[in-house]
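# Topology and contacts: notes
Spelled out, the chains give:
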Amino acid sequence: MPSHRYCSGFIILLSPLVASGSILLAIIDIAEILREALVRVFASFSHIWVENLAFWNHQKQMKPKGFFSESHESFGSLTLLCLTIMVPPCFNTCCGGIGSGTGNEIVKYSWKKLKTHACYFIYCKKKFEKLKEQFDLLKAIRDDTQQKVEAAKRNNKVISDEVNLWLNKVLELEGKFNNIEKNFNRIVEDEKFCIPSLVSRYKVGREATRKKDKALKLLDRSNFQAFSHPLDPSTVNHPSNADFVSFGATKEAMQKVIDALNDDKVNLIGIYGMGGVGKTTLMEEIGRMVKGAKTFDVVIDVVVSQNPNIAQIQRDIADALDMRESSNKMLATRLKQEKKVLIMLDDVWARLELVKAVGIPYREHKGCKVILTSRKAETCNVMETDVSVEVATLSEEDSWHLFRMRAGQVAASDGIEPIARKVAQECCGLPLAIVVVGRALRSYKDSSAWEDALSQLKQAVPLNMEEVEEKLYKPLELSYQNLKTAELKQLFLYCCLFREDYDISEDEVTRYAVGENLLSNLSTLEDVRGRVHFLLQKLKLSCLLLDSKKAGCVKLHDVVRDVAVYIGSKDNNHFLVKAGHGLTDWPECGNLSDCKRISLSNNFLQEIPEKPNCSKLILLLLNMNPITWVPINFFENMATLTVLDFSNTGITSLPSSLTCLNGLGTLRLDRCKQLKDINVVGELKTLIILTLQECRGISALPETIDGLLKLKLLDLSNCTSLQILRNFIPKLTQLEELYLRGYNVTEELLVEVASLKRLVRVELYVKCARDFSEQVFPNNAYKVLRHFIIYNEPDWFSLASKYQRNFFIKQASQSMISWGKPFLRSAEELRLDSCQWNFTDLMSCFATLKSLLIVNCHQIQCLLWSTDDTPSNAFGELMKLTLSDMEKLEQVCHGQLPAHSLGKLRTLELRWCRNIVDILPQDLLQRVHPSLVELLLEGCPGPHVLLNFEGLGHDSIIFPKLQMIRVSQMSDVISFCNGVVPPGSLHNLTTFEVVNCKKLLNLFSQTLDTTHSRLLPSETFKKLKQLQIMGCPCLKHVFLPSIANELQSLERLEIKNNSSIETIIANEEGCNLKKGAFPILKRLLFIKLPRLICFFEGEPAKTLDWPSLEYIHFGDCSNLARLPIGHESAQKLKKVHVARLDDVNWFESLKWEVDTIKSRFDIIQSINEVK
């Protein structure tokens, strides 16, 4: 009957369309009506289903028979069968009058569309699983990319717009995926209770299909054309990060600081200005500039903060210098060893005894300079700075320019620009306020929204706020109010719970948020982690949070934090935050009973009150205090408490009143090293998270702790005295995360851990792994495990930082193949050291592996011995391969490579594999060259020709992504390459190092009789930045003129210990060396070149321009008669460094184009470069 009703609708629809000839529109409309019909059919089925359900419930059956079978796929097949019967007659009826040909086409098209929509419902689960599979891969690549971004930023590189846009797209898709996953999980739960969810299945299936296509597109775009590019540190107008913009005020301040740094009489420089004016950003930019220009040998940046911790400052400096001890005397001695060192101290509030207390010898060591920032000029005065530089607020015009940059084109649009200018004026010339407000209003297109924002900015501010807050409060409050969701607002306020300048860990925020049930709609810890990460990224995009130098962390600008604390203290938030205030006593607070969240961490509290009235308290942070005792009745008036942190305190036991906390979700007792008695913890039945890291005084867990049936996270890392009772772990059936770093996990305990069905994250120190038996786990063991670190060397845990699934084992026996298989088959990073067994037995496990390091495994003769049984995806995801000290290794691979093996390899490192026959045979070279970025070879005999291009063909570019070649101790290498190399090959090479290759004759060219010819096509080395050639006694020259002329990017040229080199640039027929060669070369080193006669064989007296040359060092080049430096050359070069006194005499005897040239340079004797 429904089909006849829909048929009538089709005929009514088609009649006017056919009459007007709009056949195409008819087809489209039919498809839409069919989609509607499909939903109605599903609705009809749901009514039938409900009627059947009522009947079978009456019969006490589990589910209706004959309608649902074992799966929804069976029901879907029935649905599709019904549609097959119902719909075609409808089509024939409604389309018969259009004409047989056209009607048939409409039928085919419409039926195709109908089946597509039906499949959304029928195969909902499969479509979601396919989306999840693609999205998990996308997330892994995203995480890898994010780590590369952080690494690139640490190396002062600018991330390309392509990469930033891609990351934003993935972030956006992640939010949509989480919604789909939540809806899918709801469907699964509903269907467990036979609750129909037909329309939901349809929607999830449809969205999963669409988002899978987007995920695939993003995966395709993950091979970036350009990931990052270096910053030119000499250019102030092109800053290295988006936070720094050079306007009049900042440019003037920067120039003053740079002038002071160049003044030998100045050692202590102060930068001052009000909060939010950009002092820190300015100092960071100066730090990046001097690092790039190598003005200083060492640059160290340290955050001081309002309550300075001298020991922490010393540790930060010591870490930067790779020192273990950080006493003031040790620091002073070490700093004096550096010729030029710059120490940058951020956020100084009061006088700091740099010499006596910290150990910075800036007065007695003239090469040591210090820059400090402070909000007040008075601080610079009491610090007795040699130069004090004020960072002023921006002018009105500069403020408007910065505001437009952050607010986008909408700020300049008609009807909004006049209001936007007034909004910018309300920010009082403070860059922080301008950036935050501009970003907050960027998406508003309606002038009324801008009027409302202006009105808010003009409202009065609290009277008790200082000048900084008076000017910043309104803009930051506006940005806070413009956050879209309550979750974002709450998480932003959460970040003010930590002390000033703290690196806020996503993990810490997650553990607190779970205890408080802050994200109540999420059921698993992994979901909460993902949501926390997403929200923190959103807050960074809103400029309310900053990037941290620590992975997995964010930071809060101190001014933004001050305002966040203020916002948290008013309205219904009821925050009391005094973290890091130097408190010695419990704070006096009249409204303590109204407080919901109290943070007193990082203070000097030794005692806490008997029974504080905190009846509404949800969160209490007392970590990082020297508290030794908790009063027995301390918690009696805190029944609502859900998060408690006593980490890093001196408490020895927990009070009995802890049992009053009937809703406690998170309890952190990390590093309470005196804590022994935790029996009361077993009574906290609502605990979700319990962390006891480094509680070395605890020898046993409470007998009742296995009653914590809601526990999802347990951290017992480094509890070295603890004995975990047998059968304790399996009782924690809800456990999702287990951390046992530094705790000796026995074989029996490993078996128990494998029984946890919900385990998603695990970290295990399997100290005695080499003694484990061939334990085989059930097939479903670790089925949902997504993050793990398994290791058996104490210091190897710190190596696991890049990937989510890590397996590091030393001296494992053959049994590891059995007990380790659940981890090996999904590991992303694998390290094997001194393992004596047949590696090929594990070949089926390596489909997901991204990084592989094998050391001292002397049984391995071939890494990949390919047979008919070898999986096609063996090493298919591998990006980094390191083989070191492999005595019997003869080949990396043997036989025909599987279809997908090694196709993504980015780094190949072979070290001290003395029996390897051919490092890069033709088939391996063919496979890896498109993706390889780094080639690192050391201590291998090697072939006579390093790279054999013969037989590769002339059509494809060879090594299109290769950026680094480092070759060392390759005893048999004679030539770099041979064969025909297609143009464009090696065009991304930036670093080339050749060290101690005793037989090397030809590097970039070959010698035929008395002439030289190129080995590689033109422009091969146009991006080369660093070239080092050392210890190659058979090499007689380095370049040909045609190659030297192409080195437009070379910044450093270092040639050392090459006893046969006679000329740097040999003669080449038909090509001369250009006067403008080496245009950006900054550092030139010629050390121990006793036979070097001239720079350019063709014209020994030729001079070059050297426009960028800043540093030059010579040693033992006694036969070199002249330098290629003319009267107008090398204007940036002020000093010439030499190694010995004999070299000073040699320099004085050089021939010059004009005798007065040498008087331009100071001669500095130094042996650092020689070493």
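Procedures and definitions
Residues numbered from 1 in each chain as written. Predicted model: local features only at pLDDT ≥ 70, side-chain atom pairs only at ≥ 80, totals over all residues. Heavy atoms only, no water. Salt bridge = Lys/Arg side-chain N within 4 Å of Asp/Glu carboxyl O. Helix = DSSP H or I, 4+ residues; strand = E, 2+ residues; numbered from the N terminus. Buried < 20%, exposed > 50% of the residue type's maximum accessible area, 1.4 Å probe, protein only. Axes fitted to C-alpha atoms, helices over the stretch in contact; angles between N-to-C directions. Parallel < 35°, antiparallel > 145°, perpendicular 65-115°, else oblique. Left-handed = near helix turned anticlockwise from the far one by under 90°. Contact = heavy atoms within 4.5 Å. Nonpolar A, V, L, I, M, F, W, Y, C, P; charged D, E, K, R; others polar. Polar contact = N/O pair within 3.5 Å; in protein donor to acceptor, adjacent residues only side chain to side chain. Core = buried A, V, L, I, M, F, W, Y, C linked by side-chain atoms within 4.5 Å. Lys, Arg positive; Asp, Glu negative; His and termini not counted. Pairing = 2+ DSSP bridges. Arc of directions from axis to C-beta. Phe/Tyr/Trp six-rings, centres within 6.5 Å; stacked < 30°, edge-to-face > 60°. Lys NZ or Arg CZ within 6 Å of the ring centre and 35° of its normal. pLDDT = per-residue confidence, 0-100.

### Topic: the pattern of salt bridges
With the rule as written, the count across this model stands at 51 salt bridges. Here Asp 1105 makes a salt bridge to Lys 1075, at a shortest N to O gap of 3.9 Å. Here Lys 1075 lies in the loop between strand 37 (1063–1065) and strand 38 (1083–1087) and Asp 1105 lies in the loop between strand 39 (1094–1096) and strand 40 (1111–1115), a separation of 30 residues in the sequence. Residue Lys 1102 is joined to Glu 1099 by a salt bridge in which the shortest nitrogen-to-oxygen separation is 3.9 Å. Overall, the relative accessible area of 34% leaves Glu 1099 in the partly exposed class. What you see here is one network of salt bridges that share partners, running through Asp 507, Arg 511, Glu 526, Arg 529, Asp 715, Glu 737 and Arg 761.

### Focus on the packing of helix 20 (residues 506–516) against helix 21 (residues 525–541)
Relative to each other, helix 20 and helix 21 sit at 120°, their axes nearing to 9 Å. On the basis of the axis angle, helix 20 is oblique to helix 21. Remark: the crossing between helix 20 and helix 21 carries right-handed chirality. Here Glu 506, Asp 507, Val 509, Thr 510 and Val 514 of helix 20 come into contact with helix 21, specifically with Leu 525, Val 528, Arg 529, Val 532, His 533, Leu 536 and Gln 537. Looking at side-chain class alone, the contact of helix 20 with helix 21 contains six nonpolar, three polar and three charged residues.

### So, helix 20
Counting buried positions over the eleven residues of helix 20 gives ten, a clear majority of the element. Burial in helix 20 covers these residues: Glu 506, Glu 508, Val 509, Thr 510, Arg 511, Tyr 512, Ala 513, Val 514, Gly 515 and Glu 516. Between the side-chain oxygen at the start of helix 20 and the backbone nitrogen of Asp 507 there is a gap of 3.0 Å, and the oxygen is on Ser 505. Residue Asn 517 follows helix 20 closely and has a positive phi angle near 60°.

### Focus on the nonpolar core
Core analysis: the largest hydrophobic core is formed by 186 residues, its most contacted members being Trp 819, Phe 1039, Phe 1078 and Phe 1086. For this core, the element with the highest residue contribution is helix 23 (residues 747–754), accounting for four residues. Met 289, Leu 342, Ile 416 and Cys 427 belong to the second-largest nonpolar core, a separate cluster that totals 97 residues.

### Describing the side chain of Arg 561
As for its position among the elements, Arg 561 is in helix 22 (residues 558–569). Despite its burial, Arg 561 remains without a salt bridge, the nearest opposite charge being carried by Asp 562 at 4.4 Å.

### With respect to the sheet that holds strand 7 (residues 387–390)
Read across the open sheet, the five strands follow the order 4-5-6-3-7; overall the sheet is parallel. At either end of the open sheet lies a strand with only one pairing partner, and these are strand 4 (298–305) and strand 7. Averaged over all neighbouring strand pairs, the angle between strand axes comes to 15°, with direction disregarded. Alignment of strand 3 (residues 268–272) against strand 7, held across four bridges, turns out to be parallel. Pairing of Ile 269 across the sheet is with Val 387, part of strand 7.

### A look at the sheet that holds strand 8 (residues 504–505)
Reading across the sheet, the three strands line up as 8-10-9 and stay open at both edges, with antiparallel pairing between neighbours. Both edges of this open sheet fall to strand 8 and strand 9 (546–547), since each of them pairs with a single strand only. Sheet analysis places strand 9 next to strand 10 (residues 553–555), joined by two bridges and oriented antiparallel. In the sheet register, Leu 546 faces strand 10, and the bridge partner there is Lys 555.

### Concerning the pairing of strand 28 (residues 934–938)
In terms of strand pairing, strand 27 (residues 907–911) meets strand 28 through five bridges, oriented parallel. Within strand 28, the residue paired with Glu 909 across the bridge is Leu 936. Here strand 28 runs beside strand 30 (residues 964–968); their pairing, made up of five bridges, is parallel. Each bridged residue has a counterpart across the sheet, and for Leu 935 the counterpart in strand 30 is Ile 965.

### Looking at unusual backbone geometry
Positive phi values are uncommon outside glycine, yet Asn 856 reaches one of about 55°. With respect to the helices and strands, the residue Asn 856 is situated in the loop between strand 23 (851–855) and strand 24 (862–865). Residue classification places Asn 856 among the partly exposed residues on the basis of a relative accessible area of 25%. Backbone geometry places Ala 1130, a non-glycine residue, at a positive phi of 50°. With respect to the helices and strands, Ala 1130 occurs in the loop between strand 40 and strand 41 (1135–1138). The exposure class assigned to Ala 1130 is buried, which follows from its relative accessible area of 0%.

### A word on helix 28 (residues 1141–1148)
For helix 28, every residue scored as buried is listed here: Asp 1143, Val 1144, Trp 1146 and Phe 1147. Buried residues of helix 28, seen end-on, are gathered within an arc of 160° and therefore sit on one face of the element. Its buried side turned inward, helix 28 meets strand 40, strand 41 and strand 42 (1162–1165).

### Some details on the environment of Ala 320
Relative to the assigned elements, Ala 320 resides in helix 10 (residues 310–320). When the C-alpha atoms of Ala 320 and Val 298 are compared, they prove to be 8.7 Å apart, with 22 residues separating the residues in sequence.

### Some points on the packing of aromatic side chains
Applying the stated criterion to the full structure yields 30 aromatic pairs. In textbook terms, an aromatic cluster arises when at least three aromatic residues are bridged by ring pairs, as seen for Phe 1039, Phe 1078, Phe 1086, Phe 1095, Trp 1106, Phe 1114, Trp 1146, Phe 1147, Trp 1152 and Phe 1161. Its end group placed over the ring of Tyr 480, Lys 489 keeps NZ or CZ at 5.8 Å from the ring centre. Its end group placed over the ring of Phe 808, Arg 831 keeps NZ or CZ at 5.4 Å from the ring centre.

### A few points about the side chain of Ser 975
Its location among the elements puts Ser 975 in strand 31 (residues 975–978). Residue classification places Ser 975 among the buried residues on the basis of a relative accessible area of 10%. In terms of polar contacts, Ser 975 uses its side chain to reach the backbone carbonyl oxygen of Cys 977, at 3.3 Å.

### Description of the confidence of the model for the protein chain
Across the protein chain, pLDDT averages 82, with 83% of residues at or above 70. Segment residues 1–31 is flagged for pLDDT under 50; beyond a separation of four residues in sequence, or across chains, it makes 37 contacts in the model. This stretch, residues 41–81, has a pLDDT under 50; its non-local contacts, to residues over four places away or in other chains, come to 50 contacts.

### Brief notes about the packing of helix 8 (residues 248–261) against helix 9 (residues 279–293)
Direction vectors running N to C along helix 8 and helix 9 enclose 50°, while the axes themselves pass 11 Å from each other. In terms of orientation, helix 8 lies oblique with respect to helix 9. Where helix 8 crosses over helix 9, the two elements pack in a sense that is right-handed. Counted together, Thr 250, Ala 253, Met 254, Val 257, Ile 258 and Leu 261 of helix 8 and Leu 282, Glu 285, Ile 286, Met 289 and Val 290 of helix 9 form the full contact between these two elements. Of the residues contributing to the contact of helix 8 with helix 9, the split by class is nine nonpolar, one polar and one charged.

### Re the environment of Thr 691
Assignment of secondary structure puts Thr 691 in strand 16 (residues 689–691). On the basis of relative accessible area, Thr 691 is assigned to the buried category, the value being 0%. Distance in space between the C-alpha atoms of Thr 691 and Ser 647 is 9.0 Å, their sequence separation being 44 residues.

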